[in-house]
2 protein chains.
Amino acid sequence: MPRTILAPLLLCAVFISLSEAQMQQPLALMPMPAKVQLGEGRLSINTSFSVAIAGHKETRLTNAVELFLGQLRRQIGMPPIDMKEIDSPTATLTIRCEGGSKEVQQLGEDESYRLEITNTGAQLNAATTLAVMRGLQTFLQLVQTSAEGFAVPAVSIYDSPRFPWRGLMIDVGRHFIPLDVLKRNLDGMAAVKLNVFHWHLSENQGFRVESKKFPKLQEMGSDGLYYSQAEVRELIAYAYDRGIRVVPEFDMPGHSTAWFVGYPELASGSGPYEIERKWGVFDPAIDPTREETYKFLDAFIGEMAALFPDQYFHVGGDEVNGKEWDANPKIQEFMHAHGIKNNDYLQAYFIKRVQRIVSKHGKTMLGWDEILRSDLPDSIVIQSWRGPTSLAAAAKQGYRGVLSSGYYVDLMWSAERHYLTEPLSGAAANLTPEEQKRILGGEACMWAEYVSPENIDSRIWPRTAAIAERLWSPQDVRDLNSMYRRMEDESQRLEWLGLTHNSSYIPMLRRIAGTDDVASLKVLADVAEPVKDYTREETAPAPPTSATPLNRVVDAVRPESVTGRQFAMAVDELVAGKSRPGAEVQMRTLLSRWRDNQIELQPLFEKSLLLKEVAPVSQNLSVLGAAGLAALDYLDHGEQAPALWLTAQLAAVEQAQKPQGQLLLVIAPSVEKLIQASAKQTASMPSPLPAK
Amino acid sequence: MPRTILAPLLLCAVFISLSEAQMQQPLALMPMPAKVQLGEGRLSINTSFSVAIAGHKETRLTNAVELFLGQLRRQIGMPPIDMKEIDSPTATLTIRCEGGSKEVQQLGEDESYRLEITNTGAQLNAATTLAVMRGLQTFLQLVQTSAEGFAVPAVSIYDSPRFPWRGLMIDVGRHFIPLDVLKRNLDGMAAVKLNVFHWHLSENQGFRVESKKFPKLQEMGSDGLYYSQAEVRELIAYAYDRGIRVVPEFDMPGHSTAWFVGYPELASGSGPYEIERKWGVFDPAIDPTREETYKFLDAFIGEMAALFPDQYFHVGGDEVNGKEWDANPKIQEFMHAHGIKNNDYLQAYFIKRVQRIVSKHGKTMLGWDEILRSDLPDSIVIQSWRGPTSLAAAAKQGYRGVLSSGYYVDLMWSAERHYLTEPLSGAAANLTPEEQKRILGGEACMWAEYVSPENIDSRIWPRTAAIAERLWSPQDVRDLNSMYRRMEDESQRLEWLGLTHNSSYIPMLRRIAGTDDVASLKVLADVAEPVKDYTREETAPAPPTSATPLNRVVDAVRPESVTGRQFAMAVDELVAGKSRPGAEVQMRTLLSRWRDNQIELQPLFEKSLLLKEVAPVSQNLSVLGAAGLAALDYLDHGEQAPALWLTAQLAAVEQAQKPQGQLLLVIAPSVEKLIQASAKQTASMPSPLPAK
């Protein structure tokens, strides 16, 4: 990638290291750029703001400038007739782009840019339109409000991504996600410099794209919920204008029941087939032994390869349980005749033939870990749900890979846990530099068992911004407090783009409660998180299906509680004797509210069926509030909590830690810490307050 | 209109009167149906809910059912594969529609329906698809949450609108409003049974529709902000599927500067012309004396008459100041030659000729009050910004009319004031029944000097729901408490449709403050309203223009403060000695918060230029809080407030009543009442609390 144009500029500047920059100033940049040097002064942003394109000019670039101006106007409340693109050297921001875009965005296109802002103007220099888009997003994140009005600080930024493949996968098979919801998520991706939208388009529960060659795929396999080819083109154009590639996935030979509803002859079983309604791994799988299968796939992949212009084509290849293969005598006969030892080898045979078809249509194949069993050309790319070790093994064999293990946002992990998932860790850390280059990046994955258009944004954002930073920023950018602070700022900006991860919360609680007065429900929901990993499915009261309403409190609460995290920090500081002024007062206010919330929330339980399952959670919250307050009293009095009290409280906390209504009360471990501290304290421990 | 199909059913039922129905049950219906009889029991709404179309079936009806199911699923959190349209007598809701839709929705089409819900099923009967749409909206409003799940109550409803023309006008000329914003507002209109979208498409500040015959209209007259003809068709189809007619307005001969930028030969002055940036009435006007003018208008109106299928075509006709006519010797010569006495007659001459053109293209002309100066056929319709007296005069002359005076939502009036504006009041109340029939209804008008896509919804909603009820429901439905309660419920439902009148509030405050922590700003903004009527323009610090940013606190606060209204009610009850239990405690909490808010808000003033103008408002709020608390103390102690104190407080309140930052502190009059009460009280007045 040609970065030489930037080199002379780079040499002139003395950049401070990133961690210094972070400490010196609170720029709300996410992902953090490679190098940031804060200057003196600021550049005002007002109605006379203008942009000039000084270098290469093309439609995609002027579109990018228009999008940028639209967001900037929105951010500072300017009407659309202000802030224009002009053809003049006096522009506030001058963009100099060296060359034109490719018709289809490529993996590894140069995304590095240099942004220089002084108190008289700004310069954005980059080799490609794509990189200009990245720089414009950085500019937007720099806009601050002040007593003198809106401005960006004087700053020198040189920026370049660590990994070239930074993706978000959305599963639209298990629950259909309408086009406008995908579009707003593409806006969010562009804001945090993600560059691959991986569109998981077929699943046991739905086939989501119109095929003109095989119309029964969508007609019988989608419940009428699919994208027309015109809509697919519309989304691809939308993504292109935001610097995002669109990689389609058609999962095969498993995860394919929906295909068989219209085309049972593709399957290994005898059918008939219906769209799957439950979750999990199912028996139906494509019959890899019939030549007709490959004729079908050749025609189908040919059609889709023309519809989706990206170089990469994802064929899934994961989770085949082999039961239909085992049960089909013809398949067994085929295996015997061709010396195929077991189902793994049969799948390898299938994937290898599919790879040839994909390649024939000019595409590079991508698949999940399992495809690596096959003897495949090293052009293919492995997407790993297994982890860096699996990726490292593939890299050693010469294969390129993308990490998704650790980035499954449906598992309701904390942003911290995703953020600290490092593609070049474990075995991957010990690869040679050349092998490491084969690790292309990663993808956040939004599997869709429990999402609807109403809550999907809150499952993706803001945590995906943390993943985006992991994939873009230097490896040593790892400060959690800084990340959380910047992620919250970014979260607000994402709402301006139309994402609903925050704004849908209260309306959803209101709908569930059947009343507008949800203050007490919010007190509870603010400190509740959905159960983690696959617990929701494992502990479901009834087997969940695609027809299960997503209208429970667990569907509304956020994956990571901000209140819970802040409370935990305050408790940690307090028990370490390092409480900040006022912190204990705040803590007592919270604990009292939790203790008393049960009384206010009680009437709602009578009003809404959907709230009944939350009653025990509320009870537990009340117990935790009271226990925390009592523990604080002991601590404040410098008095050791009695053993009997301790035992009773710990039992209560243990009870409160158990999921109820598939919700976790995230403050329970912190309350436990307070209780333990109150029992352990001795005269030598500093009391946060003078003893009464 | 044939209502006979419903008559036999009507005779069988004994309906209770509406006011009784309102008192007996808290159904959140808005507009209130003509007749409601609550039954016994309830019909569960769950995943097995289904709809059958038993009578006439057509695409528009199945679209309506799909929209209905989509909203119902959204409301109760069901996935889209549930709640289907089925072809079976076992359906939960059976729709029987007598006849098909007209290709273009007509004024006066039958909108009456009958909805019967028992605990086993529901029947919706109507003559037209249009009326079915109205009944389906009523069904959606009946859905309640309960301890047993979602349900609708058993109920018999017969409903029919009072007026056939129930509109919302949006001015997209002064500020361009994007298509998606209009669409969500059409959803809101459908929810409250409005049936005319009046699209004010041309103004001095912008010409907003693509003309293929005269492309310089949009190319030079719109800043690039206009709707393509394809977009216009898309919006009309969207409206048709929601039972809404689309009436275009091209304002002439005044309000037309934007036309002259591309076609100066149309104007009465010598030009050149530029798009107007300021607000008000401007001199430029079409030259009514040149034959070329009418050739142009014939071609233009012909093109637009084909684009907009509605029978009605609005030509504006308002506010010509005549200055360009006075200054043009050729026009003066023409008037002299044709015996045209003054500019009023010249305008009448113009409008009459335009009317003939409109009529030639098969349309019925609509215009503002001023057009009535002309000797026009009585098929035309007058839209009145002057009031019911003007409408009554027109009706007496045989003209039909639509009321807009009293429904200007840009004037920031209370919902109450709009709600009590009655089309058949004043002179109109004394019309003969036949003359009264000529008063077709009314239109809420959203003039767009101070709206952007960000805040336009909050200017239209929820107050327009009150106007919708005035135009739909029986004249005697006038209970304000009931209206406000139902309007708040409807306001929540409107948010589910995608309207942002509530959800944009906090993000806007955050943007203005430049921080997420806007709790103290919200305390102030919750009791502040924008100045009323035309005060904003009259008292603007600098002349506002279309380039003025709409990013002030006055752009974020709501037209009517809910907190302010509730506080006023509580004060009225208290000074009348009829306080409800706990009301005074709540009042003291509020007053204390207002008094102390200044300290919390202070740091934000240093951070944001946009907040500086709010500092004196905050100061006043603090003074009001303290004064109110002191007054309560006097009242509680049964002590008469001293005269000196009284004088000082009333002076302070007077100061606080003055607009600051173009904001009104709506609690000031109530605090004044408290102060006055504390001064007036004698031993005979009951003290709300025992004297200490």
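Here the structure is shown first, and the text comes after it.
Just so we're clear, the structure is a prediction, and the values are computed from it rather than from any experiment.

Concerning the pairing of strand β5 (residues 113–117) of chain B
Residue and element names in this part refer to chain B.
Link 1 in the chain: Among the five residues that make up β5, four are buried, leaving the element largely enclosed by the rest of the structure.
Link 2 in the chain: Across five bridges, β5 lies against strand β6 (residues 122–126) in antiparallel orientation. Counted as the bridge partner of tyrosine 113 is alanine 126 from β6.
Link 3 in the chain: Here five bridges tie β5 to strand β8 (residues 149–159), and the two strands are oriented antiparallel to one another. When the bridges of β8 are listed, glutamate 116 appears paired with serine 156.

Some words on the sheet that holds strand β16 (residues 381–384) of chain B
Residues and elements named next belong to chain B.
Link 1 in the chain: Taken in spatial order, the eight strands of this closed barrel run β9-β10-β13-β14-β15-β16-β17-β18, and their pairing is parallel. Taking each pair of neighbouring strands and ignoring which way they run, the sheet shows an average axis angle of 30°.
Link 2 in the chain: Pairing analysis gives three bridges linking strand β15 (residues 364–368) to β16, with the strands arranged parallel. Bridge pairing in β16 places leucine 366 opposite valine 381.
Link 3 in the chain: Docked against the sheet, helix α5 (residues 179–191) engages β9 (165–171) and β10 (196–200), running at close to 150° with respect to β10.

Some words on the environment of Asp457(B)
Residue and element names in this part refer to chain B.
Link 1 in the chain: Note on placement: aspartate 457 falls in helix α16 (residues 456–460).
Link 2 in the chain: For the pair aspartate 457 and glycine 39, spaced 418 residues apart in sequence, the C-alpha to C-alpha distance is 36 Å.
Link 3 in the chain: Once residues within four sequence positions are removed from consideration, aspartate 457 is found in contact with Val181, Arg184, Asn185, Leu499, Thr500 and His501.

Digging into the environment of Gln71(B)
Link 1 in the chain: The residue Gln71(B) is located in helix α3 (residues 59–76) in this model.
Link 2 in the chain: Filtering out sequence-adjacent residues up to four positions away, Gln71(B) remains in contact with Gln137(B), Leu140(B), Arg493(B) and Leu497(B).

Examining the interface of chain A and chain B
Link 1 in the chain: On the side of chain B, 44 residues touch chain A, which itself brings 45 residues to the contact.
Link 2 in the chain: When the area that chain A buries against chain B is broken down by residue, the three leading residues are Ile81(A), Ala147(A) and Arg511(A), summing to 18%.
Link 3 in the chain: Residue Glu454(A) pairs with Arg74(B) through a salt bridge whose shortest N-O separation is 2.4 Å.
Link 4 in the chain: At the surface where chain A touches chain B, the tally comes to 18 residue pairs in polar contact (both at pLDDT 80 or more).
Link 5 in the chain: No other element matches the five residues that helix α19 (residues 505–513) of chain A contributes to the side of chain A that touches chain B.
Link 6 in the chain: Looking at side-chain class alone, the side of chain A that touches chain B contains 17 nonpolar, 14 polar and 14 charged residues.

Some thoughts on the sheet that holds strand β14 (residues 312–316) of chain A
All names here are of chain A.
Link 1 in the chain: The strand order β9-β10-β13-β14-β15-β16-β17-β18 describes a closed barrel built from eight strands, whose pairing is parallel. This sheet shows a mean twist of 30° between the axes of neighbouring strands, independent of strand direction.
Link 2 in the chain: For strand β17 (residues 400–403) and strand β18 (residues 439–446), the ladder comprises three bridges, and the chain directions are parallel. Bridging across to β18, valine 402 finds its partner in glycine 441.

Things to note about unusual backbone geometry
Link 1 in the chain: A cis amide bond links Met252(A) to the next residue, Pro253(A), at an omega of 0°.
Link 2 in the chain: As for its placement among the helices and strands, Pro253(A) is situated in the loop between β13 (245–252) and α8 (257–262).
Link 3 in the chain: A cis geometry characterises the amide bond from Met30(B) onward to Pro31(B), with omega recorded as 0°.
Link 4 in the chain: Along the chain, Pro31(B) falls in the loop between α2 (18–24) and β1 (35–44).
Link 5 in the chain: In this structure, Asp533(B) takes a positive phi of about 50° despite not being glycine.
Link 6 in the chain: For Asp533(B), the location among the structural elements is in the loop between β19 (528–530) and α21 (535–538).
Link 7 in the chain: Accessibility expressed as a relative area gives 36% for Asp533(B), which makes it partly exposed.

Re the pattern of salt bridges
Link 1 in the chain: All told, the structure shown has 68 salt bridges over all chains when counted by the stated rule.
Link 2 in the chain: Of the charged contacts, one joins Arg588(A) and Asp633(A) as a salt bridge, the two residues approaching to 2.7 Å between their closest N and O atoms. Of this pair, Arg588(A) sits in helix α24 (residues 583–607) while Asp633(A) sits in helix α25 (residues 615–636), placing them 45 residues apart in sequence.
Link 3 in the chain: Taking the shortest distance from any N to any O, the salt bridge between Asp187(B) and Arg242(B) comes out at 2.6 Å. Of the two residues, Asp187(B) is situated in helix α5 and Arg242(B) in the loop between α7 (229–240) and β13 (245–252); the sequence distance between them amounts to 55 residues.
Link 4 in the chain: A relative accessible area of 12% means that Asp187(B) is categorised as buried.
Link 5 in the chain: Look at the salt bridges and you will find they share partners, linking Asp171(A), Arg174(A), Glu203(A) and Glu449(A) into a network.

Looking at the packing of aromatic side chains
All names here are of chain B.
Link 1 in the chain: Applying the stated criterion across every chain, the model contains 54 aromatic pairs over all chains.
Link 2 in the chain: Aromatic pair phenylalanine 214 and tyrosine 263: ring centres 5.8 Å apart, planes at 90°, arrangement edge-to-face. Separated by 49 residues along the polypeptide, phenylalanine 214 in the loop between β12 (206–207) and α6 (216–221) and tyrosine 263 in the loop between α8 (257–262) and α9 (291–307) bring together distant segments of the chain.
Link 3 in the chain: Since its relative accessible area comes to 8%, tyrosine 263 is described here as buried.

Observations regarding the relation of the copies chain A and chain B
Link 1 in the chain: For the pair chain A and chain B, the superposition axis carries a translation of 0.0 Å, the fit reaches an RMSD of 0.1 Å, and the rotation angle comes to 180°. Such a combination of rotation and displacement between the chain copies is what one expects of a two-fold axis. When each C-alpha of chain A is compared by its distance to the rotation axis, Ser503(A) comes out closest, at 3.1 Å.
Link 2 in the chain: Both copies share a contact surface, since 98% of the interface residues of chain A are interface residues in chain B too.

Regarding the packing of α7(B) against α9(B)
Residue and element names in this part refer to chain B.
Link 1 in the chain: Running from N to C, α7 and α9 cross one another at 40°; their axes reach a closest spacing of 10 Å. Overall, the two elements α7 and α9 adopt an arrangement that is oblique. Packed against α7, whose contacting residues are Gln229, Val232, Arg233 and Ile236, the element α9 presents Glu303, Met304 and Leu307 at the interface.
Link 2 in the chain: Grouping the constituent residues of the contact of α7 with α9 by class yields four nonpolar, one polar and two charged.

Structural notes on the side chain of Glu490(B)
Residues and elements named next belong to chain B.
Link 1 in the chain: Note that glutamate 490 resides in helix α18 (residues 480–496).
Link 2 in the chain: For glutamate 490, a relative accessible area of 0% corresponds to the buried category.
Link 3 in the chain: Residues in contact with glutamate 490, not counting those within four places in the same chain, are Met30, Gln141, Ala191, Val192 and Ala465.

Here's the deal with α18(B)
All names here are of chain B.
Link 1 in the chain: Across its 17 residues, α18 extends 25 Å between first and last C-alpha, which sits within 8% of the 24 Å expected from 1.5 Å per residue.
Link 2 in the chain: Where burial is concerned, most of α18 is hidden: 12 out of the 17 residues are buried.
Link 3 in the chain: Every buried residue of α18 is accounted for by Ser482, Met483, Tyr484, Arg486, Met487, Glu490, Ser491, Gln492, Arg493, Leu494, Glu495 and Trp496.
Link 4 in the chain: Looking at where α18 begins, the residue whose side-chain oxygen comes 3.1 Å from the main-chain nitrogen of asparagine 481 is aspartate 479.

Cut-off values and rules
- Residues numbered from 1 in each chain as written.
- Chains lettered and ligands numbered in written order.
- Predicted model: local features only at pLDDT ≥ 70, side-chain atom pairs only at ≥ 80, totals over all residues.
- Heavy atoms only, no water.
- Buried < 20%, exposed > 50% of the residue type's maximum accessible area, 1.4 Å probe, protein only.
- Helix = DSSP H or I, 4+ residues; strand = E, 2+ residues; numbered from the N terminus.
- Pairing = 2+ DSSP bridges.
- Axes fitted to C-alpha atoms, helices over the stretch in contact; angles between N-to-C directions.
- Contact = heavy atoms within 4.5 Å.
- Buried area = accessible area lost by both parts, 1.4 Å probe.
- Salt bridge = Lys/Arg side-chain N within 4 Å of Asp/Glu carboxyl O.
- Polar contact = N/O pair within 3.5 Å; in protein donor to acceptor, adjacent residues only side chain to side chain.
- Nonpolar A, V, L, I, M, F, W, Y, C, P; charged D, E, K, R; others polar.
- Phe/Tyr/Trp six-rings, centres within 6.5 Å; stacked < 30°, edge-to-face > 60°.
- Least-squares fit on C-alpha atoms with pLDDT ≥ 70 in both.
- Parallel < 35°, antiparallel > 145°, perpendicular 65-115°, else oblique.
- Expected span 1.5 Å × (residues − 1).

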